[in-house]
Amino acid sequence: DGGITQSPKYLFRKEGQNVTLSCEQNLNHDAMYWYRQDPGQGLRLIYYSQIVNDFQKGDIAEGYSVSREKKESFPLTVTSAQKNPTAFYLCASSPAAGFAGELFFGEGSRLTVL
Amino acid sequence: KQEVTQIPAALSVPEGENLVLNCSFTDSAIYNLQWFRQDPGKGLTSLLLIQSSQREQTSGRLNASLDKSSGRSTLYIAASQPGDSATYLCAVMNSGGYQKVTFGTGTKLQVIP
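Residues numbered from 1 in each chain as written. Chains lettered and ligands numbered in written order. Predicted model: local features only at pLDDT ≥ 70, side-chain atom pairs only at ≥ 80, totals over all residues. Heavy atoms only, no water.

Strand pairing in a sheet is mediated by backbone hydrogen bonds. Such pairs are either parallel or antiparallel. All names here are of chain A. With antiparallel pairing, 4 strands are arranged side by side in an open sheet as β1-β3-β8-β7. Bordering the open sheet on either side are β1 (4–7) and β7 (64–66), each of which pairs with just one other strand. Along the sheet, successive strands turn relative to each other by an average axial angle of 20°, direction set aside. Sheet topology note: the strand β3 (residues 19–25)/strand β8 (residues 76–78) ladder contains 3 bridges and is antiparallel. (Pairing = 2+ DSSP bridges. Helix = DSSP H or I, 4+ residues; strand = E, 2+ residues; numbered from the N terminus. Axes fitted to C-alpha atoms, helices over the stretch in contact; angles between N-to-C directions.)

Pasting the structure below:
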C-alpha cells in the first residue's frame, strides 16, 4: 500500500540533544513537507521540498534542519537551538508543488523534551 | 495573510443526526480547499478536495461545498455515526510559487450513541 511512514512514533529528548525524525513516502510524490502541530493552533509549516536536493524554509524553520537526498525521504532534525520542541510533528507529501495538489499525511511523531 | 477559522471548536450530536461543519477564510484567491479528519494522536486523513472552480464534492455520506466569494466552505455529514467522532480540519491553498497552505484549528466532533 502506498503511503507515508513516519518514525519513531514517540521520541523523548533531553535538553541539548539533536534528534532526527524520519519520513519516507512511496507515493512517487515530488513535494514533501514538515508541519508542527500544537494544541489549539493550526498546523504550521517548518520546511518544504519541491524536488530532490532542494528545500525551502517555512514559517517556523528556526531550530530545525532538513535534507532531501532521495525523492522518497525527507528527514527532519530538531536541533538544540529549538527553544520549545515538544510538539506533534507531521510529514506530508503532494504530487507536485507547482500547483495545488492533494496533501497526504503520515501518522505523526510526538516529541517530548524531558 | 490568509486566516482560516472553524466554528464551533467542539460539537456534540446524537447518532443519526445530519450535521454541518463550517470553515471560513479571509482571502478568496484560493487554488483549492481540503477537508481532513484527525483521530487523537494520529495523522490527518484526507476526506475531500475541492478545486477553486468547483462548487462541491461528495464522498459517501460526506458533502463539501465551496463559496469563494463569501469565503466559506461547509462539510455536511449525513446520518452521523459514533465512528465519525474526530477532529475535522479544513486547509486552504493559495497561490505563491509553492503550495501555501493555511490550516484551521479544527472542529472536534463527538457523536453520541
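Attention now moves to the side chain of Arg-13 of chain A. Residue and element names in this part refer to chain A. Looking at the secondary structure, you find Arg-13 in strand β2 (residues 10–13). Notably, Arg-13 is buried but unbridged: the nearest opposite-charge side chain belongs to Glu-15, and the N-O separation is 6.9 Å. Non-local contacts of Arg-13, meaning those with residues more than four positions away in its chain, are made with Val-19, Val-78, Thr-79, Ser-80, Gln-82, Pro-85, Leu-111, Thr-112, Val-113 and Leu-114. (Buried < 20%, exposed > 50% of the residue type's maximum accessible area, 1.4 Å probe, protein only. Lys, Arg positive; Asp, Glu negative; His and termini not counted. Salt bridge = Lys/Arg side-chain N within 4 Å of Asp/Glu carboxyl O. Contact = heavy atoms within 4.5 Å.)

What follows deals with the layout of surface pockets. Counted as a void, the largest pocket has a volume near 460 Å³. In this structure, the largest pocket is lined by 22 residues; those nearest its centre are Gln-37 and Pro-39 of chain A together with Gln-38, Thr-87 and Thr-105 of chain B. When residues of the lining of the largest pocket are traced back to their parent elements, those giving at least two are β9 (86–94) and β11 (107–112) of chain B. In the lining of the largest pocket, the residues fall into 7 nonpolar, 10 polar and 5 charged. Space inside the second largest pocket adds up to approximately 380 Å³. (1 Å grid on protein atoms, 1.4 Å probe; cavity = no way out; pocket = protein on both sides within 12 Å on 5 of 7 lines; lining within 4 Å. Points joined across faces, edges and corners; volume = space filled by probe spheres on them. Nonpolar A, V, L, I, M, F, W, Y, C, P; charged D, E, K, R; others polar.)

Between side chains of opposite charge, a pair can form when the charged atoms approach closely. Evaluated as defined, the whole model comprises 5 salt bridges over all chains. Note that Arg-44 of chain A is salt-bridged to Asp-38 of chain A, the shortest N-O span being 2.8 Å. The buried category is assigned to Asp-38 of chain A, whose relative accessible area is 11%. One salt bridge in this structure joins Arg-61 of chain B and Asp-84 of chain B, with 2.8 Å as the shortest N-O distance. One end of the pair, Arg-61 of chain B, is in the loop between β6 (56–59) and β7 (62–67); the other, Asp-84 of chain B, is in the loop between β8 (72–77) and β9, and 23 residues separate them in sequence. Among the residues examined, Arg-61 of chain B registers a relative accessible area of 30% and is labelled partly exposed.

The next thing to look at is the interface of chain A and chain B. Across the boundary between the two partners, chain A contributes 23 residues, which contact 22 residues of chain B. Summed over both partners, the interface of chain A with chain B buries about 1,800 Å², with 54% contributed by carbon and sulfur atoms. Counting the contacts that link chain A with chain B gives 0 salt bridges. Where chain A touches chain B, the interface holds 4 residue pairs in polar contact (both at pLDDT 80 or more). When contributions to the side of chain A that touches chain B are tallied by element, the ones reaching two or more residues are β4 (31–37), β5 (44–51) and β9 (87–94) of chain A. Residue classes in the side of chain A that touches chain B are distributed as 11 nonpolar, 8 polar and 4 charged. (Buried area = accessible area lost by both parts, 1.4 Å probe. Polar contact = N/O pair within 3.5 Å; in protein donor to acceptor, adjacent residues only side chain to side chain.)

The next subject is the packing of aromatic side chains. Following the criterion strictly, the structure yields 8 aromatic pairs over all chains and no others. Look at Tyr-47 of chain A and Phe-55 of chain A: their rings are 6.0 Å apart centre to centre, the planes differ by 75°, and that puts the pair in the edge-to-face class. Accessibility expressed as a relative area gives 7% for Tyr-47 of chain A, which makes it buried. For Phe-55 of chain A, a relative accessible area of 35% corresponds to the partly exposed category. Ring geometry for Tyr-64 of chain A and Tyr-89 of chain A: centres 5.9 Å apart, planes at 65°, overall edge-to-face. Placement of the pair is Tyr-64 of chain A in strand β7 and Tyr-89 of chain A in strand β9, with a sequence separation of 25 residues. Tyr-89 of chain A shares its class with Tyr-64 of chain A; the two are buried. One aromatic cluster is present, formed by Tyr-33, Tyr-35 and Phe-105 of chain A together with Phe-36 and Phe-103 of chain B through successive ring pairs. (Phe/Tyr/Trp six-rings, centres within 6.5 Å; stacked < 30°, edge-to-face > 60°.)

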